Amino acid sequence: MKITLWGTRGSVASPGPETTRYGGNTACVEVRGGRGTLLVLDGGTGIRRLGGTVEPAIPRVDIFLSHLHMDHLQGLGFFGPLYRPGQEVHIWGPPSPNFDLLSRLSRYFSPPLFPVRLRELPCRLTLHDVPAEPFEIAGLEIRADFICHPGPTVGYRITENSASIAYLPDHEPGLGAAKLPADGTWISGYEVSAGVDLLIHDAQYTEEEYADRVGWGHSSVQRAVEFADAAGARRLVTFHHDPSHNDAACDALIETARRASTKVLVLPGLE
């Protein structure tokens, strides 16, 4: 698999000279399988640039939404392949007990939030609730599980042959607890993350910032490392950088994470 980060910022896009290295676009990750399969994780503002690189000849695009907060949807309406007549596009999202995915996405794809309605898109669009059981798309196995974040939210695990990644962009595994449970099966997100080669995980706050934001659904960088260690991930990519953190602040958080980690290789989530 080849992984490209098109947006790593959380909450709201924050472009500017102070965020050039880590990037200002919100969540979007491209996953390319060995057969050329294209999966897109989330539709934040980074998806617009990704859309410009998608070849017209590609037969199918699958977009996997972790949840439907606006920072994960803001770029979706500007994704070029949605406007190609006949292009096959599948959008997957977490099931909700209240409204189906069509109803929830239609709130965004409609005035006054957006001028184009979902039904007006010329592509061949299919919407899916993510199933509880693992499934496969052209050689990539996808597994989803609900994780701790306000509103229906899932983390994804993608496996090809012996390689695996997990994507948990908005996640609060400890929910304010002093430490994570010793038994991993009691930790939110553990099942989709256990033993992965690459874990892309929420690392929005410093420990001091997190103390005032317990229950908001995000992690401090130390909690992200603690979770990665507990899950046995080989590499951790920090993600969902706070919009108020400039490049220097993100650098400092990476160094904090590397000092805190005893098992996992910490990598900066650079757009």
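Residues numbered from 1 in each chain as written. Predicted model: local features only at pLDDT ≥ 70, side-chain atom pairs only at ≥ 80, totals over all residues. Heavy atoms only, no water.

**Quick look at the sheet that holds strand 9 (residues 154-160)**
Rule in force here: Pairing between two strands requires that DSSP report at least two bridges joining them. For the purposes of this entry, the term helix denotes a DSSP run of H or I that reaches at least four residues, the term strand denotes a run of E that reaches at least two, and both are numbered from the N terminus. The axes used here are C-alpha line fits, helices contributing only the stretch in contact, and every angle between their N-to-C directions lies in the interval 0 to 180 degrees. Two residues form a contact once any of their heavy atoms are found within 4.5 Å.
Across the sheet, seven strands lie side by side as 7-8-9-10-11-12-13; this open sheet has mixed pairing. Looking at the sheet topology across the chains shown, the edges are occupied by strand 7 (135-137) and strand 13 (265-267). Between one strand and the next, the sheet's axes are offset by a mean angle of 25°, whatever the strand orientation. Pairing of strand 8 (residues 140-146) with strand 9, which is carried by six bridges, proceeds in the antiparallel orientation. Pairing of Ile 142 across the sheet is with Ile 158, part of strand 9. Where helix 5 (residues 221-231) meets the sheet, it contacts strand 10 (163-168), strand 11 (198-202), strand 12 (235-239) and strand 13, and its direction lies at approximately 150° from that of strand 11. Lying over the sheet, helix 6 (residues 247-260) contacts strand 12 and strand 13, oriented at roughly 175° with respect to strand 13.

**Brief notes about the environment of Leu 5**
What counts is decided by this rule: Throughout, exposure labels follow a simple rule: accessible area from a 1.4 Å probe, protein chains only, divided by the maximum for the residue type, with under 20% read as buried, over 50% as exposed, and the rest as partly exposed.
Of note, Leu 5 is situated in strand 1 (residues 2-7). Residue classification places Leu 5 among the buried positions, given a relative accessible area of 17%. Those residues within four positions of Leu 5 in sequence are excluded, and the remaining contacts are Cys 28, Val 29, Ile 200, Val 237, Gly 269, Leu 270 and Glu 271.

**Topic: the side chain of Arg 104**
Applicable threshold: We treat Lys and Arg as the positive residues and Asp and Glu as the negative residues; His and chain ends play no part in the count. Between Lys or Arg on one side and Asp or Glu on the other, a salt bridge is scored when a side-chain nitrogen of the former is within 4 Å of a carboxyl oxygen of the latter.
Its location among the elements puts Arg 104 in helix 2 (residues 101-108). No salt bridge forms around the buried Arg 104; measuring N to O, its nearest opposite-charge neighbour Asp 129 is 4.0 Å away. In contact with Arg 104, other than residues within four places in its own chain, are Leu 68, Pro 94, Pro 95, Ser 96, Phe 99 and Asp 129.

**Considering the sheet that holds strand 5 (residues 88-93)**
Across the sheet, six strands lie side by side as 1-2-3-4-5-6; this open sheet has mixed pairing. Where the open sheet ends on each side, the last strands, each with one partner, are strand 1 and strand 6 (124-129). With strand direction ignored, the average angle separating the axes of adjacent strands in the sheet is 20°. Pairing of strand 3 (residues 38-41) with strand 4 (residues 60-64) involves four bridges; the strand directions are parallel. Paired with Leu 39 across the strands is Asp 62, a residue of strand 4. Lying over the sheet, helix 2 contacts strand 5 and strand 6, oriented at roughly 120° with respect to strand 6.

**Observations concerning the packing of aromatic side chains**
We count it as follows: What counts as a ring pair is set by centres within 6.5 Å for rings of Phe, Tyr and Trp (its six-membered ring), and what kind of pair is set by the plane angle: stacked under 30 degrees, edge-to-face over 60, tilted for all other angles. Note on geometry: a ring has a charge over it if NZ (lysine) or CZ (arginine) is within 6 Å of the ring centre and within 35 degrees of the ring normal.
Following the criterion strictly, the structure yields nine aromatic pairs and no others. The interplanar angle of 20° and the centroid separation of 4.7 Å between the aromatic rings of Trp 92 and Phe 135 together place this pair among those described as stacked. Linking Trp 92 in strand 5 with Phe 135 in strand 7, this pair joins segments that are 43 residues apart in sequence. The exposure classification of Trp 92 matches that of Phe 135, with both residues buried. Here a set of aromatic residues connected by ring pairs shows up, and it is made of Phe 64, Trp 92, Phe 135 and Tyr 156. Over the aromatic face of Phe 99 sits the side chain of Arg 107, whose NZ or CZ is 4.6 Å from the ring centroid.

**What about helix 5?**
Judged by how many residues are buried, helix 5 sits mostly within the fold: eight of eleven residues are covered. Taken residue by residue, helix 5 has Val 221, Arg 223, Ala 224, Val 225, Phe 227, Ala 228, Asp 229 and Ala 231 as its buried positions. Gly 232 sits one or two residues past helix 5 and shows a positive phi near 75°.

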